[in-house]
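# Chains, contacts and geometry: an overview
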Amino acid sequence: MIGFGKQRKQDTVVLVVRDAPEIAGQLRRALATASDVERPGLERALALAGAAEAVPDAELRARWVRQRLAAAGYDGPVDSVAAIKALRQAEPGLSLLQAATYAREAAAA
């Protein structure tokens, strides 16, 4: 049914993409056949991938918010009204609620 009422803005979310599990798997496979010379570097790389894999989604979103604010030239508190405004200008698809939620999450991280 086509209506003339208020249309709801499509929800936009920040999608957290994690490549760390795939990278860690590739490193484990490489480590299984690595020479003694290659082994220390691969073990270190696997430890770094494991650390990246352990970062919670909320922290990744907080990093994203800080990066977007920095790119917009904003350097104040991340959960202020000015920060939310700057975030929405940097990412026009974000609703006010989403920007405020991400800003609070970034401040708490």
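So, how was this worked out
Residues numbered from 1 in each chain as written. Predicted model: local features only at pLDDT ≥ 70, side-chain atom pairs only at ≥ 80, totals over all residues. Heavy atoms only, no water. Helix = DSSP H or I, 4+ residues; strand = E, 2+ residues; numbered from the N terminus. Buried < 20%, exposed > 50% of the residue type's maximum accessible area, 1.4 Å probe, protein only. Contact = heavy atoms within 4.5 Å. Areas by Shrake-Rupley, 256 points an atom, 1.4 Å probe, with all protein chains shown as cover. Axes fitted to C-alpha atoms, helices over the stretch in contact; angles between N-to-C directions. Parallel < 35°, antiparallel > 145°, perpendicular 65-115°, else oblique. Nonpolar A, V, L, I, M, F, W, Y, C, P; charged D, E, K, R; others polar. pLDDT = per-residue confidence, 0-100. Core = buried A, V, L, I, M, F, W, Y, C linked by side-chain atoms within 4.5 Å. Left-handed = near helix turned anticlockwise from the far one by under 90°.

Right, let's get into the overall build of the chain. Assigned secondary structure in the chain consists of five helices and zero strands. Ordered by position from N to C terminus, the α and β elements of the chain give α-α-α-α-α. Taken across its 109 residues, the chain has 27% of its residues classed as buried. Partitioning the contacts of the chain with sequence separation of at least 6, the portion at a separation of at least 24 is 54%. Accessible surface computed for the chain: about 7,700 Å², of which carbon and sulfur atoms make up 57%.

Another point: the environment of Lys85. In this fold, Lys85 is placed in helix H4 (residues 81–90). You can call Lys85 exposed: its relative accessible area is 53%.

In this section: the packing of helix H3 (residues 57–71) against H4. Where H3 contacts H4, the two axes come as close as 9 Å, and the packing angle between them is 85°. Relative to H4, the element H3 lies roughly perpendicular. For the pair H3 and H4, contact is made by Trp64, Val65, Arg68 and Leu69 and by Ala83, Ala86, Leu87 and Ala90, respectively. Grouping the amino acids of the contact of H3 with H4 by side-chain chemistry returns seven nonpolar, no polar and one charged.

This brings us to the environment of Leu69. Mapped onto the elements of the fold, Leu69 is located in helix H3. What makes Leu69 buried here is its relative accessible area of 2%. Distance in space between the C-alpha atoms of Leu69 and Ala83 is 7.1 Å, their sequence separation being 14 residues. Not counting residues within four places of it along the chain, the set of residues in contact with Leu69 comprises Tyr74, Val78, Ala83, Ala86 and Leu87.

Let's shift gears to the confidence of the model for the chain. Chain-level pLDDT for the chain is 86 on average; 84% of the residues reach the 70-or-more range. Taken element by element, the chain is modelled with least confidence in helix H1 (residues 20–32), mean pLDDT 91, and with most confidence in H4, mean pLDDT 96.

Right, let's talk about the nonpolar core for a bit. Core analysis: the largest hydrophobic core is formed by 15 residues, its most contacted members being Val65, Leu69 and Leu87. Where this core is concerned, the elements lending two or more residues are H3, H4 and helix H5 (96–108). Top element by residues in this core is H5. It accounts for five residues. If you look at the next biggest cluster of nonpolar residues, it comprises seven residues, including Leu27, Leu31, Leu42 and Leu46.

Attention now goes to the packing of H1 against helix H2 (residues 39–53). H2 packs onto H1 with a crossing angle of 160° between their chain directions and a minimal axis gap of 9 Å. Considered as vectors, H1 and H2 are oriented roughly antiparallel to each other. Crossing geometry of H1 relative to H2 is assigned as left-handed. Residues Ala20, Pro21, Ile23, Ala24, Leu27, Arg28, Ala30 and Leu31 of H1 lie in contact with H2, whose contacting residues are Arg39, Leu42, Glu43, Ala45, Leu46, Ala49, Ala52 and Glu53. Looking at the contact of H1 with H2, its residues break down into 12 nonpolar, no polar and four charged.

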